Amino acid sequence: MFESVKIAPSILSADFMHLGRDIALIEEAGAGYVHVDVMDGHFVPNLTMGVPVVKQLKKATNLPLDVHLMIANPLEQLPWFLDAGADSVTVHAEALDADQLMRAIAAIHAAGAKAAVSVKPRTTAGALAPVIADVDMVLVMSVEPGFSGQSYIEGSDAKVARIVDVARAVGASPLIQVDGGIGVKTAPLVAAAGADVLVCGNAVFAADDPAAALAAVQAAADEAGLAALAAAPKGA
């Protein structure tokens, strides 16, 4: 059964002087999530937003807050973001060992939120094998995390397909999210490979008409996803 992809606009690309306006705009345009990029200046070479922003966003929108922790100590800070109202929290496989990842996933679930694990471009799909049956979502970085506006790394769609295979091998079906350089031209590539959620930053917020841009990315992705479904062998 086909399901339309969901768009998760990254507010890292929004206008922070008019953040409430931009959040209302994407909510009205049909976004599936608000993507919140948290960076600590250690795990990645940038420093962005934190708990106070998440608390304010929780008051400003009915969309789920999809909080992506690009930080060196996620186990220590998880409670802060869960208490602030995060609906989904993503931690990085590179920041934690397998046991720590399981502890993070359990803590997120215990708080009633969705748990996700992210992998950087150079991290293999196999790194997710120990936890893929326990997560609600996997985030595939199609750029090196740290800065918005980067170009999509070719071959990221193949990695999406490999992660889908890793999940199927253990009978799991987490949502597959892709973040980095996603727009009208690249959304079809990852959607055809099995992506369910697309993080868009500049492709939405830097457009003359953000609502139209969001709709265009979703339409392009859905067209590719439908074509891939129709071409797939029966029973696949």
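Just so it is clear, the model here is predicted, and its values are computed rather than measured. (Residues numbered from 1 in each chain as written. Predicted model: local features only at pLDDT ≥ 70, side-chain atom pairs only at ≥ 80, totals over all residues. Heavy atoms only, no water.)

Chemist: Requested: an account of the nonpolar core, with residues and values cited.
Modeler: With 65 residues, the main nonpolar core has Ile11, Val36, Val67, Leu69, Val117, Ile163 and Leu198 as its most contacted residues. Ignoring anything within four residues of it in the chain, the contact list for Ile163 reads Val119, Ala125, Leu128, Ile132, Val138, Val140 and Ile176. Counting six residues, the second-largest nonpolar core is a separate cluster that includes Ala8, Tyr33, Val197 and Val199. (Core = buried A, V, L, I, M, F, W, Y, C linked by side-chain atoms within 4.5 Å. Buried < 20%, exposed > 50% of the residue type's maximum accessible area, 1.4 Å probe, protein only. Contact = heavy atoms within 4.5 Å.)

Chemist: How would you sum up the UniProt feature "active site" (unreviewed entry) in the protein chain? Please name residues and give values.
Modeler: UniProt's feature table lists "active site" (unreviewed entry) at Asp37 and Asp179, given in the numbering used throughout. In sequence the annotated residues extend across 143 residues, while in space they remain close, none of their C-alpha pairs exceeding 10.6 Å. On the basis of relative accessibility, which here comes to 4%, the residue Asp37 falls in the buried class. Ignoring sequence-local partners within four residues, the contact set of Asp37 consists of Ser10, Leu12, Thr48, Met49, His68, Met70 and Asp179. Side-chain polar atoms of Asp37 contact the side chain of Ser10, separated by 2.6 Å. (UniProt positions renumbered as here; feature names shortened; annotations may be inferred. Polar contact = N/O pair within 3.5 Å; in protein donor to acceptor, adjacent residues only side chain to side chain.)

Chemist: Tell me about the UniProt feature "binding site: a divalent metal cation" (unreviewed entry) in the protein chain, residues and numbers included.
Modeler: Here the UniProt feature "binding site: a divalent metal cation" (unreviewed entry) sits at His35, Asp37, His68 and Asp179. Spanning 145 residues, the annotated positions come together in the fold, the maximum distance between their C-alpha atoms being 10.6 Å. Take Asp37: it is sitting in strand E2 (residues 34-39). For His68, the position within the fold is in strand E3 (residues 65-70). With relative accessibility at 0%, the residue His68 sits in the buried group. Other than its neighbours up to four places away in sequence, His68 contacts His35, Val36, Asp37, Val38, Thr90, His92, Ser118, Leu139, Met141 and Asp179. (Helix = DSSP H or I, 4+ residues; strand = E, 2+ residues; numbered from the N terminus.)

Chemist: Explain the pairing of E2 to me, using residue names and the numbers behind them.
Modeler: Most of E2 sits inside the fold, with six of its six residues counted as buried. Every second residue of E2 is oriented toward a common face, with Val34, Val36 and Val38 on one face and His35, Asp37 and Met39 on the other, all of them buried. When E2 meets E3, the two strands line up parallel, connected through six bridges. Bridge pairing links Val36 to Val67 in E3. (Pairing = 2+ DSSP bridges.)

Chemist: Break down the sheet that holds strand E8 (residues 197-200) for me, with residues and values.
Modeler: Taking strand neighbours across the sheet as the criterion, the eight strands line up as E1-E8-E7-E6-E5-E4-E3-E2 in an open arrangement whose pairing is parallel. Strand pairing shows two members of the sheet lacking a second neighbour, strand E1 (6-9) and E2, which therefore form its edges. Strand-to-strand twist of the sheet, defined as the mean angle between neighbouring strand axes without regard to direction, takes the value 25°. Here five bridges tie strand E6 (residues 137-141) to strand E7 (residues 175-179), and the two strands are oriented parallel to one another. The partner of Leu139 across the bridge, within E7, is Gln177. Contacts between helix H2 (residues 51-60) and the sheet are confined to E2 and E3, with E3 contributing the most and set at about 170° to the helix. Across the face of the sheet, helix H4 (residues 98-110) comes into contact with strand E4 (88-92) and strand E5 (114-119) while running at roughly 150° to E5. (Axes fitted to C-alpha atoms, helices over the stretch in contact; angles between N-to-C directions.)

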